[in-house]
Amino acid sequence: MTGGHLQIVVCGAGPAADVAQLVKVAKRRSWTAAVTATPSAMDFIDPQPIESLTGHPVRSTYQSSPGTRRSLPGTNALVIAPATYNSINKIALGLADNYAMTSVAELIGRQVPTVIVPFVNAALAARAPFRHAVANLRDEGVRVLLGPEDQWEPHPPGSGNERQKAFPWTVAFETAAQFV
């Protein structure tokens, strides 16, 4: 499909700094995009260039700027990337303790095609809560790009900086767009 709207939620991990790559992929396919950031992600991104690229403010709180819509725009697909250990566990449990997590919970509840791209190390990914969260999200119809079939694996502890360069932004968009 060409010409949809992509909602992007970024979490507080290194690849968040490169979220403009995902926006650019969407724009090349004639999609619009908007970015919502978890509070922790705000330490990783520079909102101004993202806002210039999308034409929308980067939202991270319930408080909106004057003249900004408070409700979510019509969304054809949702990509949560990079998704942290903490955020994946929250999403699976339905916890909505900030604006980004509330938006995610609502969009999944609306049956919006959703793709999550984790950015976790192997020690965290080995934990039972994480494995259960991924399984529960998949059971709910959320596409979690993780494992050999997705060619995206958790990285060894301490190697996140090197792994960041290989983050699969294009695959995330293409996976989301194919469900629309």
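Cut-off values and rules
- Residues numbered from 1 in each chain as written.
- Predicted model: local features only at pLDDT ≥ 70, side-chain atom pairs only at ≥ 80, totals over all residues.
- Heavy atoms only, no water.
- Pairing = 2+ DSSP bridges.
- Helix = DSSP H or I, 4+ residues; strand = E, 2+ residues; numbered from the N terminus.
- Core = buried A, V, L, I, M, F, W, Y, C linked by side-chain atoms within 4.5 Å.
- Buried < 20%, exposed > 50% of the residue type's maximum accessible area, 1.4 Å probe, protein only.
- Phe/Tyr/Trp six-rings, centres within 6.5 Å; stacked < 30°, edge-to-face > 60°.
- Lys NZ or Arg CZ within 6 Å of the ring centre and 35° of its normal.

Colleague: I'd like a description of the sheet that holds strand S1 (residues 5-10), backed by residues and values.
Modeller: Spatially, S2-S1-S3-S4-S5 is the arrangement adopted by the 5 strands of the open sheet, whose pairing is parallel. This sheet does not close on itself; its edge strands, each paired only once, are strand S2 (32-37) and strand S5 (143-144). Of the strand pairs in this sheet, S1 and strand S3 (residues 77-83) are connected by 4 bridges, and their pairing is parallel. Its bridge partner being in S3, leucine 6 is matched across the sheet by alanine 77.

Colleague: Any chance you could break down the nonpolar core for me, citing the residues and the numbers?
Modeller: Leu6, Ile8, Val10, Val79, Val117 and Phe173 are the most contacted members of the largest nonpolar core, which has 32 residues in total. Broken down by element, this core gets its largest block of residues, 5 residues, from helix H8 (residues 169-178). Val9, Cys11, Ala83 and Val104 belong to the second largest nonpolar core, which has 24 residues in total.

Colleague: Now, about the packing of aromatic side chains: what can you tell me, with residues and values included?
Modeller: Summed over the entire model, instances satisfying the criterion amount to 6 aromatic pairs. Between the aromatic rings of tryptophan 31 and phenylalanine 173, the centroid separation amounts to 5.2 Å while the plane-to-plane angle is 85 degrees, which identifies the pairing as edge-to-face. Of this pair, tryptophan 31 sits in the loop between helix H1 (20-28) and S2 while phenylalanine 173 is found in helix H8, placing the two residues 142 residues apart along the sequence. Classification of phenylalanine 173 as buried rests on a relative accessible area of 2%. Aromatic rings pair up to connect Phe119, Trp152, Phe167 and Trp169 into one cluster. The aromatic ring of tyrosine 99 is capped on one face by arginine 59, whose charged end is 4.3 Å from the ring centroid.

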